[in-house]
Amino acid sequence: MSSVSKHLKGIHVDHCKNTAGQPIVQMPVPEKVYIPMVQHIGAPCQPTVAVGDHVKVGQLIGDNTAPMCAPIHSSVSGEVTALVKGMTAQGIVDTSIEITTDGKQEVAETVVPPTVGNKEEFLAAVRSCGLVGLGGAAFPTHIKYNPRNPEQVDTLILNGAECEPYITVDHMTMLEHAEEIVEGTKNILKYLNLKQAIIGIEGNKPDAIAKFNELVKNEPNISVCELLQQYPQGAERVLIYECTGKHLIAGKLPADVGVIVSNVTTVLKLQQFLDSGMPLVSKSLTVDGNVVKEPKNVEVPIGTPIIDIIEFCGGYTGEPKKILMGGPMMGRALPDDGKCIIKGNNAILAFDATFANMNPETACINCGRCVKACPMNLMPTALFKAFERKDVDTLKKYHVMSCMDCGCCTYVCPARKQLSFINKLGKSLVLAEGGKK
Ligand code: SF4
Ligand code: SF4
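These figures come from a predicted structure and were not determined experimentally. (Residues numbered from 1 in each chain as written. Chains lettered and ligands numbered in written order. Predicted model: local features only at pLDDT ≥ 70, side-chain atom pairs only at ≥ 80, totals over all residues. Heavy atoms only, no water.)

1. Here's the deal with the overall build of the protein chain
Working step 1: In terms of helices and strands, the protein chain carries 13 helices and 18 strands.
Working step 2: A compact globule built from 437 residues would reach a C-alpha radius of gyration of about 22 Å, and the protein chain, at 21 Å, matches this within 12%.
Working step 3: Taken along the three principal axes of its C-alpha coordinates, the protein chain extends 65 × 50 × 45 Å.
Working step 4: Counting over 437 residues, the protein chain shows a buried share of 55%.
Working step 5: For the protein chain, contacts bridging at least 24 residues in sequence account for 73% of all contacts bridging at least 6. (Helix = DSSP H or I, 4+ residues; strand = E, 2+ residues; numbered from the N terminus. Rg over C-alpha atoms; globule rule 2.2 N^0.38 Å. Buried < 20%, exposed > 50% of the residue type's maximum accessible area, 1.4 Å probe, protein only. Contact = heavy atoms within 4.5 Å.)

Structure, rendered in structure tokens:
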């Protein structure tokens, strides 16, 4: 049964969902993969293999005993040919394991379904899967599923909003794997002892909403929440409010309002691990942008170089001037297409100069559009001016730490001010001063 959502502010952006309806195709194994030892929030993994070792698909190749860490597994079979130090797609300098593939995709003997009969075994399985938030946050899932206040947490929210322009891969994942996602949801409810699950899906995916409504019609503790067709419905704080009416203020975790949020793909990968024992070794993503010849939804081994994926999509039709990992609102601009796919990556977008070039910034005209657009009711114009003065007290007074980097203010600003980015800098300034208000 669908529930009616309440609404926070946001903006209407062109959906540009050019790949909508395209099935997710499996990309052939590339010649080499480069698997970074840090693909999550937390401590980097240490390599557990050395140059010259033969590895198989699903074999552990990196881990760390630090609590905030998710193990890393080989996505291919082949030989470890180098440990490469360099900057990853996340902008972090760390070690990547170079594996020259043998094309056989032999599966490791350790890949067997885990034994899960209680909460502790379930959490151990989530960790050994190497699971992180696949919506982009890359927070280790076994930490998220084990909050400090379990007795106060009763709700799981599945994020199926996919509100960023261009990206359609979660939509296709929901259509192709709805049954496994519902099964994974039931397992999370069972082992974490939660009362209900709400699947939040933006209204521009009526086929996915209909599919889940049909699948959960006899599941009294699982419901579907049809979200507004408005950006950023998938932002964690907006999603929680829209699905439950609860406000998550800055500095608090979803568990503080009784909620755990997981992306639909995260839940799918978890269920697939419970069924097969295959840890997180591949990632589905949308490849699009006006210089990509054949935009696609693809599933690729983690560590695949972006340039190989672009070639699989027919190559470039023009010179790429901006390459994004993620969507145009919150994605990260990459210096080139030599970086590799990591766990939290859900899109590669490539644009030419007509899309990438920015007109010069002009003076603020006090139009108030940024304030009107902000889902968190912030005053981006006041924050921007406070940052220019390096005025930490005013940044705190106007709650810069509540900014969730959604980019709505930047998108609507006629003066083309980089308000969202300036707020990131403002937050760094506040943190550097030791304030977290
Ligand atoms: S101030 Fe922050 S939260 Fe508000 S619209 Fe801008 S980026 Fe989004
Ligand atoms: S939208 Fe831009 S021009 Fe308008 S008030 Fe905000 S910062 Fe100023």
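2. Some points on helix α10 (residues 380–388)
Working step 1: When α10 is considered as a whole, its buried residues turn out to be Pro-380, Thr-381, Leu-383, Phe-384, Ala-386 and Phe-387.
Working step 2: Residues of α10 that are buried make contact with α9 (369–373), α11 (392–397), α12 (408–412) and α13 (419–432).
Working step 3: Following α10 by one or two positions, Lys-390 adopts a phi angle in the positive range, close to 55°.

3. So, the pattern of salt bridges
Working step 1: Evaluated as defined, the whole model comprises twelve salt bridges.
Working step 2: Taking the shortest distance from any N to any O, the salt bridge between Lys-186 and Glu-219 comes out at 3.1 Å. Residue Lys-186 is located in helix α3 (residues 169–192), and its partner Glu-219 is located in the loop between α4 (206–215) and β12 (222–227); the two are separated by 33 residues in the primary sequence.
Working step 3: Here Arg-389 makes a salt bridge to Asp-391, at a shortest N to O gap of 3.1 Å.
Working step 4: Owing to a relative accessible area of 52%, Arg-389 belongs among the exposed residues under this scheme.
Working step 5: Each of Glu-183, Lys-186 and Glu-219 takes part in one network of salt bridges that share partners. (Salt bridge = Lys/Arg side-chain N within 4 Å of Asp/Glu carboxyl O.)

4. So, the site of ligand 2
Working step 1: Taken together, Cys-364, Ile-365, Asn-366, Cys-367, Gly-368, Cys-370, Thr-381, Cys-413, Pro-414, Ala-415 and Leu-419 make up the full set of residues near ligand 2.
Working step 2: Here the shell around ligand 2 is composed, by residue class, of eight nonpolar, three polar and no charged. (Near = heavy atom within 4 Å. Nonpolar A, V, L, I, M, F, W, Y, C, P; charged D, E, K, R; others polar.)

5. What to know about the sheet that holds strand β17 (residues 332–334)
Working step 1: Read from one edge to the other, the open sheet built from six strands follows the order β2-β15-β14-β18-β16-β17, with strand pairing classed as mixed. Where the open sheet ends on each side, the last strands, each with one partner, are β2 (24–26) and β17. Within the sheet, the average angular offset between the axes of one strand and its neighbour, ignoring direction, is 30°.
Working step 2: Bridge count between strand β14 (residues 282–288) and strand β15 (residues 296–301): six bridges; the pairing is antiparallel. Note on β15: the bridge partner recorded for Val-287 is Lys-296. (Pairing = 2+ DSSP bridges. Axes fitted to C-alpha atoms, helices over the stretch in contact; angles between N-to-C directions.)

6. Quick notes on the packing of α10 against α13
Working step 1: The geometry of α10 relative to α13 is characterised by a closest axis approach of 9 Å and an angle of 55° between their N-to-C directions. With respect to α13, the axis of α10 lies oblique. As for how α10 packs across α13, the hand of that crossing is left-handed. Between α10 and α13, the residues in contact are Pro-380, Leu-383, Phe-384 and Phe-387 and Leu-419, Ile-422, Asn-423, Leu-425, Gly-426 and Leu-429, respectively.
Working step 2: Considered class by class, the residues forming the contact of α10 with α13 number eight nonpolar, two polar and no charged. (Parallel < 35°, antiparallel > 145°, perpendicular 65-115°, else oblique. Left-handed = near helix turned anticlockwise from the far one by under 90°.)

7. Observations regarding the pairing of strand β11 (residues 196–202)
Working step 1: With six of seven residues buried, β11 is to be regarded as a mostly interior element.
Working step 2: Direction of pairing for strand β10 (residues 155–160) relative to β11: parallel, over a ladder of six bridges. Paired with Thr-155 across the two strands is Gln-196, which belongs to β11.
Working step 3: In this fold, β10 hands off to α3, which returns the chain to β11; that crossover is right-handed.
Working step 4: Remark: the β11/α4/β12 crossover connection has right-handed handedness. (Right-handed = clockwise from strand over helix to strand, strands pointing away.)

8. Thoughts on the confidence of the model for the protein chain
Should the pLDDT be low somewhere, the predicted coordinates at that spot are not to be read in detail.
Working step 1: Chain-level statistics for the protein chain give a pLDDT mean of 94 and a share of 98% at 70 or above.
Working step 2: Segment residues 1–5 is flagged for pLDDT under 50; beyond a separation of four residues in sequence, or across chains, it makes 13 contacts in the model. (pLDDT = per-residue confidence, 0-100.)

9. Quick look at the site of ligand 1
Working step 1: Contacts to ligand 1 come from 14 residues, most closely from Cys-374, Cys-403, Cys-406, Cys-409 and Asn-423.
Working step 2: Where the shell around ligand 1 is concerned, the elements lending two or more residues are α12 and α13.
Working step 3: Looking at side-chain class alone, the shell around ligand 1 contains ten nonpolar, three polar and one charged residues.

10. Observations concerning the environment of Gly-434
Working step 1: Position of Gly-434 relative to the elements: it lies in the segment after α13.
Working step 2: Owing to a relative accessible area of 59%, Gly-434 belongs among the exposed residues under this scheme.

11. Digging into helix α5 (residues 236–244)
Working step 1: Among the nine residues that make up α5, seven are buried, leaving the element largely enclosed by the rest of the structure.
Working step 2: Among the residues of α5, Arg-237, Val-238, Leu-239, Ile-240, Tyr-241, Glu-242 and Cys-243 are the ones counted as buried.
Working step 3: Along its buried surface, α5 packs onto β10, β11, β12 and β13 (259–263).
Working step 4: Backbone geometry just downstream of α5 places Gly-245 in the positive-phi region, at approximately 80°.

12. Notes on the packing of aromatic side chains
Working step 1: Within the structure shown, the criterion is met by four aromatic pairs.
Working step 2: Aromatic pair Phe-351 and Phe-355: ring centres 5.3 Å apart, planes at 15°, arrangement stacked.
Working step 3: The class for Phe-351 is buried, based on a relative accessible area of 5%.
Working step 4: Given the relative accessible area of 48%, Phe-355 is considered partly exposed.
Working step 5: One aromatic cluster in this structure is built from Phe-122, Tyr-145 and Tyr-191.
Working step 6: Over the ring of Phe-312 we find Lys-296; its NZ or CZ atom is 5.7 Å from the centre of that ring. (Phe/Tyr/Trp six-rings, centres within 6.5 Å; stacked < 30°, edge-to-face > 60°. Lys NZ or Arg CZ within 6 Å of the ring centre and 35° of its normal.)

13. A word on the sheet that holds strand β8 (residues 78–87)
Working step 1: Spatially, the four strands line up as an open sheet ordered β3-β9-β8-β5, and their pairing is antiparallel. Looking at strand neighbours, the two that pair on one side only are β3 (32–36) and β5 (54–55), the edges of this open sheet.

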